[in-house]
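Remarks on the overall topology
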Amino acid sequence: MMHSRSFLIFASLVCTFILGCNKSNKSSDTQQDVSGDFVDTMLVINDSVDGEKVGQDCALLSQKLDDIASLLDEVKSPSMLMRAKADYATRLADATAAIGQLSVAEQTLMKDKVAQLKEQYAETCKAYEVEPDGIIANLENLITNIQKIHTRADFENFCSGRYGVLNNLDKIHLSTHDNSASVAQIKRLARQLNQLYEGKKAELGIDP
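Residues numbered from 1 in each chain as written. Predicted model: local features only at pLDDT ≥ 70, side-chain atom pairs only at ≥ 80, totals over all residues. Heavy atoms only, no water.

**Structural notes on the overall build of the protein**
Heads up, the condition is: Runs of E in the DSSP output that reach at least two residues are strands. Runs of H or I that reach at least four are helices, and both are numbered from the N terminus. Each residue's exposure class comes from its accessible area (1.4 Å probe, protein chains only) as a fraction of the maximum for that residue type: buried when under 20%, exposed when over 50%, partly exposed otherwise. Surface accessibility follows the Shrake-Rupley procedure with a 1.4 Å probe radius. Residue values consider only the protein chains on display as shielding.
If you tally the helices and strands in the protein, you get eight helices and two strands. In the protein, buried positions account for 31% of the 208 residues. On the protein, roughly 13800 Å² of surface is accessible, and the fraction owed to carbon and sulfur atoms is 54%.

**Details of the layout of surface pockets**
Convention followed: In the cavity and pocket records, a cavity denotes points on a 1 Å grid over the protein atoms alone where a 1.4 Å probe fits but cannot get out, a pocket denotes an open set with protein on both sides within 12 Å along at least 5 of 7 lines, and lining residues are residues with an atom within 4 Å of a point. Grid points are joined across faces, edges and corners, and a volume is the space filled by probe spheres set on the points. Residues are grouped as follows: nonpolar covers Ala, Val, Leu, Ile, Met, Phe, Trp, Tyr, Cys and Pro; charged covers Asp, Glu, Lys and Arg; every other residue, Gly included, is treated as polar.
Of the volumes computed, that of the second largest pocket is approximately 170 Å³. Along the walls of the second largest pocket sit Pro 78, Ser 79, Met 82, Val 130, Gly 134, Ile 135, Asn 138, Gly 164, Val 165, Asn 168, Ile 172 and Ser 175, which together make up its complete lining. Going through the elements one at a time, α3 (78-96), α5 (132-146) and α7 (163-166) are the ones with two or more residues in the lining of the second largest pocket. Within the lining of the second largest pocket, the residues separate by chemical class into six nonpolar, six polar and no charged.

**Side note on α3**
Heads up, the condition is: Multiplying one less than the number of residues by 1.5 Å gives the expected span of a helix. Fitting one axis to the seven residues ending at a residue and another to the seven starting there, the bend at that residue is the angle between the two axes. Whether two residues are in contact is decided by their heavy atoms, any of which lying within 4.5 Å being enough.
In a regular helix each residue adds 1.5 Å, so 19 residues correspond to 27 Å; α3 covers 27 Å between its end C-alpha atoms and thus fits that length. Of all the bends found along α3, the most pronounced is centred on Tyr 88 and spans about 30 degrees. If you check which residues of α3 are buried, you get Leu 81, Met 82, Ala 84, Lys 85, Tyr 88, Leu 92 and Ala 95. Where the residues of α3 are buried, they touch α2 (56-73) and α4 (104-128).

**Here we look at the nonpolar core**
The cut-off we apply is this: Buried residues of nine kinds, namely Ala, Val, Leu, Ile, Met, Phe, Trp, Tyr and Cys, make up a nonpolar core once their side-chain atoms join them within 4.5 Å.
Membership of the largest hydrophobic core comes to 24 residues, with the highest contact counts inside it found for Leu 65, Tyr 88, Leu 92, Met 110 and Leu 117. For this core, the elements supplying multiple residues, two or more each, are α2, α3 and α4. Examining the composition of this core, we find that eight residues originate from one element, α2, more than from any other. When near neighbours in sequence (up to four residues on either side) are disregarded, Leu 117 contacts Leu 65, Ile 68, Ala 69, Leu 72, Tyr 88 and Leu 92.

**As for the side chain of Glu 106**
Note the threshold: Asp and Glu count as negative and Lys and Arg as positive, but His and the ends of the chain are not part of the count. Counted as salt bridges are all cases of a side-chain nitrogen of Lys or Arg within 4 Å of a carboxyl oxygen of Asp or Glu.
You can see Glu 106 is positioned in helix α4. For Glu 106, which is buried and forms no salt bridge, the nearest opposite charge comes from Lys 53, at a distance of 9.8 Å. Ignoring sequence-local partners within four residues, the contact set of Glu 106 consists of Val 54, Gly 55 and Cys 58.

**Looking at the pattern of salt bridges**
Taken as a whole, this structure holds seven salt bridges when the rule is applied. Its salt-bridge partner being Asp 94, residue Lys 64 comes within 3.6 Å of it at the nearest N-O pair. Taken together, the positions of Lys 64 in helix α2 and Asp 94 in helix α3 put the pair 30 residues apart, joining distant regions of the chain. With relative accessibility at 38%, the residue Lys 64 sits in the partly exposed group. One salt bridge connects Glu 203 with Lys 200, and the closest N-O pair in it is separated by 3.5 Å. On the criterion of helical spacing, the pair formed by Glu 203 and Lys 200 is a turn pair, its members being three residues apart in helix α8 (residues 183-203). Exposure remark for Lys 200: the relative accessible area of 11% places this residue in the buried category.

**A word on the packing of α5 against α8**
Basically, it comes down to this: Structural elements are reduced to axes, namely lines fitted to C-alpha atoms, with helices fitted over the stretch in contact, and the angle between N-to-C directions of any two is expressed from 0 to 180 degrees. Any angle between 65 and 115 degrees counts as roughly perpendicular, while under 35 counts as roughly parallel, over 145 as roughly antiparallel, and the rest as oblique. In this scheme the handedness of a crossing depends on how the near helix is turned from the far one: anticlockwise by less than a right angle means left-handed, clockwise means right-handed.
α8 packs onto α5 with a crossing angle of 25 degrees between their chain directions and a minimal axis gap of 10 Å. It follows from the interaxial angle that α5 and α8 lie roughly parallel. α8 is crossed by α5, and the crossing has left-handed handedness. Residues Pro 132, Ile 135, Ile 136, Leu 139, Glu 140, Leu 142, Ile 143 and Ile 146 of α5 lie in contact with α8, whose contacting residues are Gln 185, Ile 186, Leu 189, Ala 190, Gln 192, Leu 193, Leu 196, Tyr 197 and Lys 200. For the contact of α5 with α8, a count of residues per class yields 13 nonpolar, two polar and two charged.

**Topic: the packing of α2 against α4**
The contact between α2 and α4 brings their axes to 10 Å, and the two run at 10 degrees. Relative to α4, the element α2 is oriented roughly parallel. Every residue of α4 that contacts α2 at Cys 58, Leu 61, Ser 62, Leu 65, Asp 66, Ile 68, Ala 69, Leu 72 and Asp 73 is listed here: Glu 106, Met 110, Lys 113, Val 114, Leu 117, Gln 120, Tyr 121 and Thr 124. Taken together, the residues that form the contact of α2 with α4 break down as 10 nonpolar, three polar and four charged.

Listed below in structure tokens is the structure:
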């Protein structure tokens, strides 16, 4: 009976060990699979542009241009255009800085893509730019009105509904045509209004 009992205990231990090994192996396999999936996901790069296979540098450049295109796609108003314009030129210059290091074929692909992006930019500007006369009239009106403010209540009423303009005076010229002769005047009026705005806050003890 003792031998039989010892055998049963031994057999039970062996089964437990085997099951433990199998479980460990499955766990290890699962971890390897997850790790493999993670690495694959991290390393996935679109290695083609317009159906043409390209190198990693070209693929990354193409992605940067796509990101700028997405930025322009999101523009739905003059204020959104103003903010997009503020980033457009810098991001485009950054994306295309190393285009000369690509192969001839890749350069051709990227130059075509840049041309399409510039066309999209022009179309977006045409759709949402406003005439400079309207911006100038609005700024002059705000300058006149802010000089009449003497109390916090007046200041709050003045700012109500105008924070979008007051917080973007350094960019407001971007909401009109880039080549407009009135851009310089808009910048000057915007600086004047900003000085008055900051001055009123200081005068009334309003935190910056």
